[in-house]
Structures are given as structure tokens and as C-alpha cells.
Amino acid sequence: MKYRLLAGGSVLVMAAALSACSTSSGPADASGDGRTTVDVWLMRDSVSAEFQKEFVAGFEAAHPKIRAEIQIQEWDGIGQKITAALASNDAPDVIEVGNTQVAQFASSGGLLDLTDSKTELKGEDWLKGLAEPGSYEGKQYGIPYYAANRVVVHRTDLFERAGIDAAAIRTREQWIEATAKLNKGGTQGIYLPGQLWYALGGFIWDEGGDFATGSGDEWKGSLDTPEALRGMEFYGRLQALGKGPKDSDEDDPPQAEVMAKGQVAQIIATPGLANAVLGNNARLKGKLGFFPIPGKTADAPGAVFTGGSDLVVPAAAGHPDEALTFIKELTGDTWQKKLAVAMSYVPNRTTLAAAVADDPGASAMAVGAANGHATPNTPGWAAVEAENPIKDYMTAVLVGGDPAKEAAKASQDITRAMNAGS
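Now for a description of the structure that goes with this document. Nothing here was measured: the structure is a model prediction, and the numbers come from that model.

## A closer look at the nonpolar core
And step 1. Within the largest apolar cluster, 50 residues are counted, with the highest numbers of intra-cluster contacts made by W175, L223, Y235, L238, I268, I390 and Y393.
And step 2. Sort the elements by how many residues they give to this core and helix α7 (residues 197-206) lands first, with seven residues.
And step 3. Counting residues in hydrophobic clusters, the runner-up holds 29 residues, among them F51, F59, F326 and Y345.

Quick look at the structure:
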């Protein structure tokens, strides 16, 4: 979803006044021109004003009987607003939602099943980390829109001074070796806060584990499995090669501010954070680079959490056919390529990765996105993120707690939270 990372699934408050979402543009032919208006909610920063203008003009030229009316929504409070819209008779025709939100909205019965459209939308090539959370109980409700994921943002000058070729770092062990080499002379080899749980997720997925496993409607926390424990062990090794706090996440203090001080060689973040680094220290211009998070072996990049958005059609949409036409255009080859270039996003399909080949940050994301994953695809996951026992678990291990005991405790907390509403 749209981040703090693009930070992952936000917790949705499932109650709001229905009056909060009255946004319909009125009768389809209110202007008298006979065109049908498709009402669309897109989120702040998912498109630029320039891209939106170009897309609408292109869409309406290709579909002269449809008018596209796009309203930009704010992320703050959007869960309540969408919930109200889905429960009303005045819903928009298309809504952009965070990829980890789809299961909650689908479970309420508020979304149209779009499974039959997967083939024409080239669903066989969708990014796994967008497609999987867009489905619920075997049906596709969310159509992948765009993706973003974390990469390694690094100081190219410090790498050169240490004689390290970032492009040659393909495995975790090579990454550890390079980071240790950088970690001297007052430089932190990496700044990794103790509670960057999305990064931990990647290491766990690389080992074949997960945060939780499901059977039917029941879910069980799985941080105490051997695979997940190996992922945490690697996190601890990497975190020890810097001075990141063990008891906070990437926002406390903000990673960009820490890196801007000049003593940090690497952080794990989305490429867009480089702009925030430069905003705090313009002298680093031209000294920041990107490479995919290394994998356990050189055969594949490291697993990453795929943040981003899906497009959904409310069950109460007044113009579902026109909504699907809109989605087909915005997620099709032409506009996906243009969106990726304009916004430095990863396109929704693996076959379109070349579109961002000339953008260093986006191309590094695209490599990682091929090994993208999502958090457990169930409405109950929101409750886990609300209290987030994963963060407490990570801190407890990093300050010396017994990994197995702390993992068992956290797994119990995840199990309880995921099944509380079932």
C-alpha cells in the first residue's frame, strides 16, 4: 500500500458515517452529451497531475462514450471512507486501495469478483506480491496497479573508497562481508533499526518461512519455526554492523535524517527516500546508489515485501462495465510503462520491468519485485499490525533474549490477534 514504506497494510477502522463518502457525479448523462461518467478514487501521490491529465485525455479519446472523473483521496482516514462508500448506494466505480487492504474489503462483500477478467488483464504476468493479496478465498477482487519495495540505498563514494563493487554483491554473505568492510573509521556499514520488520520478513521468506500459516479459517503465528528463526538470526548479524537503535523502527529517528549526517554507508528503504536524504544534505547529490537486497544465494534477489496498490470495483458501482474498461487501460501496457517512468514505480507485471531500466532506483526495485511477497492474506492481519508483536519480538532478541522463547511468545500473540474476530 502507499507507504510509510510504501509501508504496508494500514489498520482500518471499520466504522464511519455513510455521509462521509457522497461523491457521485450524478446521472451519467448530466451534461447532456450522452457519455457515461466513470467515477474513480485514486490516492495522493499515486499519479502526478501531469500524468493524470495525459491519461484522462488518452482514455477519453480511446473511449469517446466514457468520461473519466478522477478524485484524489488522502491516505489519512481512507479506510473509514472506503468502508462507508462500500456500504452506501453512492459508491465510486473504481477505487485504489493498498494491496494489503483488499482482503478486509472483500470479506465484507463490498467488492465485485473480477476473476473472469484475469486473462484479458494478463493476470498470468502479475507481480505475485500484488496479485496474491488482491485475491480472497480463491477469487480475484483487486487488480494489480503498481508496486514498490525496499532496496539497499548506499553511498557510492564510500563503496568506491573501500574498493567494493555494489553490483557484485549478490548473496547475503557477500553483503555481510562488504558491510563489515565499510564499518570502520567512524562509518556505519549499515544503519538498520531493530524493528524494521518488513526487512525481517524478506529474510524469513528467503528461508522458506512466514509470519503466520493458515488452515481454513484458522491462522497460527509461525515466528518460532526453524525457517523464521534463521531469518531473525541473519537480521541480527546485519543489524550488529551498525549503530541502529534496537528498540525502534525506521521512523524513530527517520532513516533519511540519519543517513544525511554522512556517516552511514547503507540503509534499507524505498528508492524515493534518497530524495529525503538529499533534502537534508545536498552535498550527497550524486553519491547515492541502489541495489536489490541480496538473496540467500546468487540465483535470485532477496525476498521483499511488495507494497503498492490494487484497483477494485465496489459491488454498488453504478457502471461496472465502464469501470473495467478504465482498469484495463490504466493497468495495460501503454499506461503502465508511462506510469512507471513518470512516478518511478514498478509496473504491475514482470514482463514490463524493462520500462524502468533507465531509472536506477526503480530498476533495482523491479529486480527485487520479481521475488516479492505479501503479508498473510486474511482480514485478521490488520489486528496483528495494530499491536505488532513482531517489533517487540525483534527488540527482545536483539537485546539478548532467547530467540526461541521470544519467537514462541510472539507467535502466540500473532495467533490470538489473527483469530480474535473469527
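## Quick word on the environment of D321
And step 1. As for its position among the elements, D321 is in helix α11 (residues 320-330).
And step 2. The sequence separation of D321 and D210 amounts to 111 residues, and the corresponding C-alpha distance is 38 Å.

## With respect to the pairing of strand β1 (residues 36-43)
And step 1. A large share of β1 lies buried, amounting to eight of its eight residues.
And step 2. In β1, alternate side chains face the same way, and those of T36, V38, V40 and L42 on one face and T37, D39, W41 and M43 on the other are all buried.
And step 3. Alignment of β1 against strand β2 (residues 66-73), held across eight bridges, turns out to be parallel. Looking at the pairing, W41 lines up with Q71 of β2.

## As for the sheet that holds strand β7 (residues 151-155)
And step 1. Strand order in the open sheet formed by three strands is β10-β7-β11, and the pairing between neighbours is antiparallel. Among the strands making up the open sheet, the edge pair consists of β10 (266-269) and β11 (288-291). Averaged over all neighbouring strand pairs, the angle between strand axes comes to 30 degrees, with direction disregarded.
And step 2. Running over the sheet, helix α10 (residues 273-280) touches β7, β10 and β11 and is turned about 160 degrees from β11.
And step 3. Strands in contact with helix α13 (residues 360-369) are β7 and β11; relative to β11, the strand with the most contacts, it is inclined by about 20 degrees.

## Things to note about helix α12 (residues 333-343)
And step 1. Residues of α12 that are buried include every one of W335, Q336, L339 and A340, and no others. For α12, the buried positions fall inside an angular range of 135 degrees around the axis, keeping them on one side.
And step 2. As for α12, its buried residues are in contact with α1 (49-62), β6 (143-148) and α11.

## Things to note about the pattern of salt bridges
And step 1. Tallied over the entire structure, the rule returns 16 salt bridges.
And step 2. With a shortest N-O distance of 2.6 Å, K296 and E207 are connected by a salt bridge. With K296 in the loop between β11 and β12 (304-305) and E207 in the loop between α7 and β8 (212-215), the pair connects residues that are 89 residues apart, well separated along the chain.
And step 3. Judged by its relative accessible area of 43%, K296 is partly exposed.
And step 4. In this structure E207 comes out as buried when scored by relative accessible area, which is 11%.
And step 5. A salt bridge links R416 to D413, with the nearest nitrogen and oxygen atoms 3.7 Å apart. Separated by three residues within a single helix, R416 and D413 lie in helix α16 (residues 403-419), roughly one turn from each other.

## A word on the sheet that holds β6
And step 1. Spatially, β2-β1-β3-β13-β6 is the arrangement adopted by the five strands of the open sheet, whose pairing is mixed. Across the chains shown, the open sheet's two edge strands, defined by having one partner strand only, are β2 and β6. The sheet shows a mean angle of 20 degrees between the axes of neighbouring strands, direction not considered.
And step 2. Running over the sheet, α11 touches β1, β2, β3 (94-98), β6 and β13 (307-312) and is turned about 50 degrees from β1.

## Some details on the packing of aromatic side chains
And step 1. In this structure the tally under the stated criterion is 19 aromatic pairs.
And step 2. Aromatic side chains W197 and F211 sit 5.5 Å apart centroid to centroid with 65 degrees between the ring planes, which places their arrangement in the edge-to-face category. On the criterion of sequence distance, the pair formed by W197 in helix α7 and F211 in the loop between α7 and β8 is long-range, its members being 14 residues apart. Each member of the pair, W197 as well as F211, is classed as buried.
And step 3. An aromatic cluster is built from W197, Y198, W205, F211, F305 and W381, whose rings are joined through pairwise contacts.
And step 4. A cation over an aromatic ring shows up here: K81 above the ring of W41, its NZ or CZ 5.2 Å from the ring centre.
And step 5. Note that K338 overlies the ring of W335, its terminal NZ or CZ placed 4.5 Å from the centroid.

## A short note on helix α15 (residues 389-398)
For an α-helix the count is 3.6 residues per turn, leaving residues at separations of three or four pointing the same way.
And step 1. Counted residue by residue, α15 has nine buried out of 10 residues, so it is predominantly covered.
And step 2. Along its buried surface, α15 packs onto α7, α8 (226-239), α14 (381-387) and α16.
And step 3. Backbone geometry just after α15 places G400 at a positive phi near 115 degrees.

## Quick word on the pairing of β13
And step 1. Buried residues dominate β13, accounting for six of its six residues.
And step 2. Burial along β13 is two-sided: the face carrying G307, S309 and L311 and the face carrying G308, D310 and V312 are both buried.
And step 3. Note that β3 and β13 share four bridges and pair antiparallel. Paired with V97 across the bridge in β13 is D310.
And step 4. Sheet topology places β6 next to β13; five bridges connect them, and they run antiparallel. Across the sheet, A147 pairs through a bridge with G308, a residue of β13.

The rules behind these values
- Residues numbered from 1 in each chain as written.
- Predicted model: local features only at pLDDT ≥ 70, side-chain atom pairs only at ≥ 80, totals over all residues.
- Heavy atoms only, no water.
- Core = buried A, V, L, I, M, F, W, Y, C linked by side-chain atoms within 4.5 Å.
- Buried < 20%, exposed > 50% of the residue type's maximum accessible area, 1.4 Å probe, protein only.
- Helix = DSSP H or I, 4+ residues; strand = E, 2+ residues; numbered from the N terminus.
- Pairing = 2+ DSSP bridges.
- Axes fitted to C-alpha atoms, helices over the stretch in contact; angles between N-to-C directions.
- Contact = heavy atoms within 4.5 Å.
- Arc of directions from axis to C-beta.
- Salt bridge = Lys/Arg side-chain N within 4 Å of Asp/Glu carboxyl O.
- Phe/Tyr/Trp six-rings, centres within 6.5 Å; stacked < 30°, edge-to-face > 60°.
- Lys NZ or Arg CZ within 6 Å of the ring centre and 35° of its normal.

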